[in-house]
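This is what each chain is made of:
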Amino acid sequence: MGSKALDYTLLTLVIIGAVNWGLIGFFRFDLVSFLFGNMSWLSRIIYALVGIGGLYLISAYGRIRSIEQA
């Protein structure tokens, strides 16, 4: 899996996480818990992947900056 594919995959996961947080904030509706159960092993894996994706995408700031300087 190339870096670009990983970036897009994790970006998609982080967007899903952001939409879920928006639903929680506006409507008190947790889509992940609704679909996979309240803190089931599957929902915990999804939350963990979204968190790891967000941490990984922090590196996008450095890559964007290096592209602008080139």
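Fair warning: this is a prediction, and the values are worked out from it, not measured in the lab.

Re the overall build of the protein
Right, so step 1: Along the protein, the regular secondary structure elements total four helices and zero strands.
Right, so step 2: The helix and strand sequence of the protein, counted from the amino end, reads α-α-α-α.
Right, so step 3: Against the globule reference of 11 Å for 70 residues, the protein gives a C-alpha radius of gyration of 15 Å, more extended than a compact globule.
Right, so step 4: Expressed as lengths along the three principal axes of its C-alpha atoms, the size of the protein is roughly 45 × 30 × 15 Å.

Points about unusual backbone geometry
Right, so step 1: Even without being a glycine, Arg28 presents a positive backbone phi close to 55°.
Right, so step 2: Residue placement: Arg28 occurs in the loop between helix H1 (3-27) and helix H2 (31-36).
Right, so step 3: With a relative accessible area of 80%, Arg28 lands in the exposed category.
Right, so step 4: A positive phi is found at Met39, a non-glycine position, where the angle reads about 55°.
Right, so step 5: Along the chain, Met39 turns up in the loop between H2 and helix H3 (41-57).

What counts, and at which threshold
Residues numbered from 1 in each chain as written. Predicted model: local features only at pLDDT ≥ 70, side-chain atom pairs only at ≥ 80, totals over all residues. Heavy atoms only, no water. Helix = DSSP H or I, 4+ residues; strand = E, 2+ residues; numbered from the N terminus. Rg over C-alpha atoms; globule rule 2.2 N^0.38 Å. Buried < 20%, exposed > 50% of the residue type's maximum accessible area, 1.4 Å probe, protein only.

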